[in-house]
Amino acid sequence: MATFIVLLGPPGVGKGTQAKILADTKKLAHISSGDLFRENIKNQTELGKHAKSFIDKGELVPDDVTINMIRERLNRPDCEIGAILDGFPRNPAQAVALEKMLAEFNGQVKAVPYITAPESVLVERISGRWTCRANGHIYHQMFNPPKQTGVCDLDGSDLYQREDDKVETVTKRIRVYLEQTIPLVEYYRKSGKLIEVNGAQAVEQVSLDLCSAVKNIIL
Ligand code: ADP
Ligand code: AMP
């Protein structure tokens, strides 16, 4: 059975950073709904144009569009043994849709690490975030600076500040998270899959805690 891990947590807590590390070390695919939307926006697809109007306002993209995009991604061969999901699901309807999709190809959500940090930490992290244009690699101007300002260490592409990382939109995104995504904490707690991880620590320590949280689930 294919193993899926859902990373849950507020915007800016470090889901993308941790998902990349975990996916690399455990040789699982990394599915970031935000990265998929940004790729579509960059390529000016119809999906990208539609999604951009919601993303720029800090709102969630409608479920039908998001779920179809994830379904396509799950069908790619690199998900056969499983994946780390980052940013999806983001509300209970998406969680139910995920279960149905995974059941179609004998997959299951095995664990849901829930990464938390105080709001002041989230704002500090988001306001210093720099994202790589080509592949979405993540940097922070203070906590994880690139070797050369404005250039990705890994692929040499330019780094940019996300349009939705400006202060007004961040406040809105945190509110949307509290209203729409927080119910997933209880949803996954009830299923016994929720594992709380303290995100207010250095990247390496969060990574160690996350690895030990899933050690019985993925080898
Ligand atoms: P999310 O995917 O949850 O929105 P990111 O992984 O993009 O969060 O991280 C948000 C910002 O915080 C990035 O600039 C990243 O480099 C930085 N960051 C991530 N984890 C930590 C950490 N443990 N300590 C300090 N900065 C971090
Ligand atoms: P992220 O990269 O996870 O911070 O997501 C950036 C933005 O993309 C969010 O603020 C939403 O507008 C949109 N988005 C990402 N994932 C989802 C999702 N699962 N459902 C709806 N909208 C999403």
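Before reading further, recall that the structure is shown in the block above.
Residues numbered from 1 in each chain as written. Chains lettered and ligands numbered in written order. Predicted model: local features only at pLDDT ≥ 70, side-chain atom pairs only at ≥ 80, totals over all residues. Heavy atoms only, no water.

1. Some details on unusual backbone geometry
The omega angle of the peptide bond from Phe88 to Pro89 is 0 degrees, so this bond is cis rather than trans. If you trace the backbone, Pro89 turns up in the loop between strand E3 (82–86) and helix H5 (92–104). You will see that Lys27, though not glycine, has its phi angle at about 55 degrees, which is positive. Tracing the sequence through the fold places Lys27 in the loop between helix H1 (15–26) and strand E2 (29–32). Here Gln44, not a glycine, exhibits a phi torsion of approximately 50 degrees, which is positive. (Helix = DSSP H or I, 4+ residues; strand = E, 2+ residues; numbered from the N terminus.)

2. Things to note about the site of ligand 2
For ligand 2, the set of nearby residues contains 16 residues, the closest of which are Ser33, Arg38, Glu59, Gly87 and Gln94. For ligand 2, a nitrogen atom lies 2.9 Å from a polar atom in the side chain of Gln94. Take Arg173: an N or O atom from its side chain is 3.4 Å from an oxygen atom of ligand 2. When ligand 2 sits alone it has 480 Å² of accessible area, and the protein chains cover 96% of it. Tallying contributions element by element places helix H2 (residues 33–42) first for the shell around ligand 2, with four residues. A breakdown of the residues in the shell around ligand 2 according to their chemical character gives five nonpolar, five polar and six charged. (Near = heavy atom within 4 Å. Polar contact = N/O pair within 3.5 Å; in protein donor to acceptor, adjacent residues only side chain to side chain. Areas by Shrake-Rupley, 256 points an atom, 1.4 Å probe, with all protein chains shown as cover. Nonpolar A, V, L, I, M, F, W, Y, C, P; charged D, E, K, R; others polar.)

3. Thoughts on the sheet that holds strand E8 (residues 194–198)
Backbone hydrogen bonds are what pair the strands of a sheet, in a parallel or an antiparallel way. In space, the five strands of this open sheet follow the order E2-E3-E1-E4-E8, with parallel pairing throughout. The open sheet is flanked by E2 and E8, the only strands paired with a single partner. Here the average twist between neighbouring strands, direction ignored, is 25 degrees. H2 contacts E2 and E3 of the sheet and is inclined by roughly 70 degrees relative to E2. Lying over the sheet, helix H9 (residues 203–213) contacts strand E1 (2–7), strand E4 (107–116) and E8, oriented at roughly 160 degrees with respect to E8. (Pairing = 2+ DSSP bridges. Axes fitted to C-alpha atoms, helices over the stretch in contact; angles between N-to-C directions. Contact = heavy atoms within 4.5 Å.)

4. A short note on the site of ligand 1
Contacts to ligand 1 come from 17 residues, most closely from Gly16, Thr17, Arg129, Tyr139 and Gln201. In this structure, an oxygen atom belonging to ligand 1 sits 2.9 Å away from a main-chain N or O atom of Gly12. One of the backbone nitrogen or oxygen atoms of Val203 is found 3.3 Å away from a nitrogen atom of ligand 1. Elements with a minimum of two residues in the shell around ligand 1: H1 and strand E6 (138–140). In terms of residue class, the shell around ligand 1 is made up of eight nonpolar, six polar and three charged.

5. Re the sheet that holds E6
Across the sheet, which stays open at both edges, the three strands sit in the order E6-E5-E7 with antiparallel pairing between neighbours. Edge positions in the open sheet fall to E6 and strand E7 (159–160), since each of these has one partner strand only.

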